[in-house]
Amino acid sequence: MANAQTPGEKLRWARANRRMFTGVAPRYDLANRVISLGRDDSWRAATAEFAVPDHCALALDLATGTGELGFHLLRRCDAVVGVDITPTMVEQAHRKVLERGAGKRFQLAIADGLHLPFADDTFDCATNAFALRNFADQPAALAEMRRVVRPGGRVVSLELTRAKSRLLAAMHRLYMEGVVPLLGAIASRGNLRAYWYLPTSVHRMPRAEELAQTMYTVGFRRVTYRLYNFQSIAIHIAEV
Ligand SMILES: C[S@@+](CC[C@H](N)C(=O)[O-])C[C@H]1O[C@@H](n2cnc3c(N)ncnc32)[C@H](O)[C@@H]1O
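Since the structure is predicted, the reported quantities are computational estimates derived from the model, not experimental observations.

### Observations concerning the pattern of salt bridges
Step number 1: The tally for this structure, following the rule as stated, stands at 15 salt bridges.
Step number 2: In this structure, E68 and K96 form a salt bridge, with 2.6 Å as the shortest nitrogen-oxygen distance. A residue pair is termed long-range when its members are at least 10 positions apart, and E68 in helix α4 (residues 68-74) and K96 in helix α5 (residues 87-99) qualify at 28 residues. Grouping residues by exposure puts E68 and K96 together as buried.
Step number 3: Across the pair R95 and E99 runs a salt bridge, and its minimum N-O distance is 3.0 Å.

### Observations concerning the site of the ligand
Step number 1: In the region of the ligand, 19 residues are neighbours, and Y28, R44, A63, D84 and T86 sit closest.
Step number 2: R44 is positioned such that a nitrogen or oxygen atom in its side chain is 2.8 Å from an oxygen atom of the ligand.
Step number 3: Between an oxygen atom of the ligand and a side-chain N or O atom of T86, the distance comes to 2.5 Å.
Step number 4: Protein chains bury 97% of the 590 Å² of accessible surface belonging to the ligand in isolation.

### Focus: the sheet that holds strand β2 (residues 77-84)
Step number 1: Pairing is mixed in the open sheet, where seven strands are placed in the order β3-β2-β1-β4-β5-β7-β6. Strand pairing shows two members of the sheet lacking a second neighbour, β3 (106-110) and β6 (221-228), which therefore form its edges. The average angle at which neighbouring strand axes cross in this sheet is 15°, direction not considered.
Step number 2: In terms of strand pairing, β6 meets strand β7 (residues 233-239) through six bridges, oriented antiparallel. Among the inter-strand pairings, R226 is bridged to a residue of β7, identified as I235.
Step number 3: In the packing of helix α6 (residues 138-148) onto the sheet, the strands contacted are β1 (56-62), β4 (123-129) and β5 (149-160), and the crossing angle to β5 comes to about 145°.

### Structural notes on unusual backbone geometry
Step number 1: The phi torsion at A63 lies on the positive side, around 55°, for a residue other than glycine.
Step number 2: Position of A63 relative to the elements: it lies in the loop between β1 and α4.
Step number 3: For D121, which is not a glycine, the phi torsion comes out positive at approximately 60°.
Step number 4: Position of D121 relative to the elements: it lies in the loop between β3 and β4.
Step number 5: Overall, D121 belongs to the partly exposed group, its relative accessible area being 44%.

Rules of the game
Per-chain numbering applies: the sequence of each chain, read as written, is numbered from 1 onward. Given that the model is predicted, a residue must reach a pLDDT of at least 70 before its local features are reported, and side-chain atom pairs must reach 80 or more before they are shown or counted; all residues, however, enter totals for whole chains, interfaces and linings. Water and hydrogen atoms were dropped before computing side-chain values, which therefore reflect all heavy atoms in the structure. Think of a salt bridge as a Lys or Arg side-chain nitrogen and an Asp or Glu carboxyl oxygen that are within 4 Å of each other. Each helix is a run of H or I in the DSSP string that is no shorter than four residues. Each strand is a run of E no shorter than two, and both are numbered from the N terminus. For every residue, the accessible area obtained with a 1.4 Å probe (protein chains only) is divided by the maximum for its type, and the residue is called buried under 20%, exposed over 50%, and partly exposed between those limits. Near, as used in this document, describes a residue that has one of its heavy atoms within 4 Å of the molecule or strand being considered. Nitrogen and oxygen atoms within 3.5 Å of one another constitute a polar contact, given that in protein one can donate a hydrogen and the other can accept it, and given that sequence-neighbouring residues count only through two side-chain atoms. The method behind every accessible area is Shrake-Rupley, applied with a 1.4 Å probe, and residues are considered shielded solely by the protein chains displayed. The pairing criterion is simple: DSSP has to find at least two bridges between the two strands. Axes here mean lines fitted to C-alpha atoms, for a helix over just the part in contact, with angles spanning 0 to 180 degrees between N-to-C directions. Should any heavy atoms of two residues lie within 4.5 Å, those residues are counted as being in contact.

Keep in mind these values describe shape, not function.
What follows is the structure, given as structure tokens:
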């Protein structure tokens, strides 16, 4: 599916996404854990490590959802800002921030990732996890992340991807279309719509090397990527 073109299309897209994630929010973490067979957290940990090899002052986690990647960043940074368009997802993140005593170090904001309310070069790095395919305009989302990260900082994206190998691609398809909607619906207690959407949303993702190319086109430097889970997961690492 192509990126949305007009502002009206982008707005409708963002609203539809918000509706979908509003329904999913309360059981999102559990559903994620089940669908990924317990691997999702290790991929987020790797994403944080790539984004912040040593230590940083301020990181952005775009489309933070329930904040899981933000907490990994928090172990490596003085402070983290998590941004998401869906208030109920942010509420889940906020509850964890309070429970874990992260207080002022983990700030949350509700905003559209295509129009971030931050000045240029605000952050040392930016991440997003399982989010890029939800954006109406993926190059615009990447460009916006690039804009708010200082020169030399990293933008790291963790996403589902389409395997190059035909055999692996067929296996993913079988799992995504046959098993995921069922597991997702059970774990989320009946939210079938969202978990039927998930397999189709994967087709919105370019292959890993195409996404790397898009990142260069957007203006990033030194783009690399790593594949995980039989080439079904990609982490792209790019420098501003
Ligand atoms: C699949 S969830 C991923 C959540 C989290 N990053 C994680 O690691 O699980 C996708 C998130 O993207 C958010 N999202 C979708 N469109 C967005 C937009 N235009 N701006 C900001 N967040 C958006 C949704 O609200 C949702 O929380």
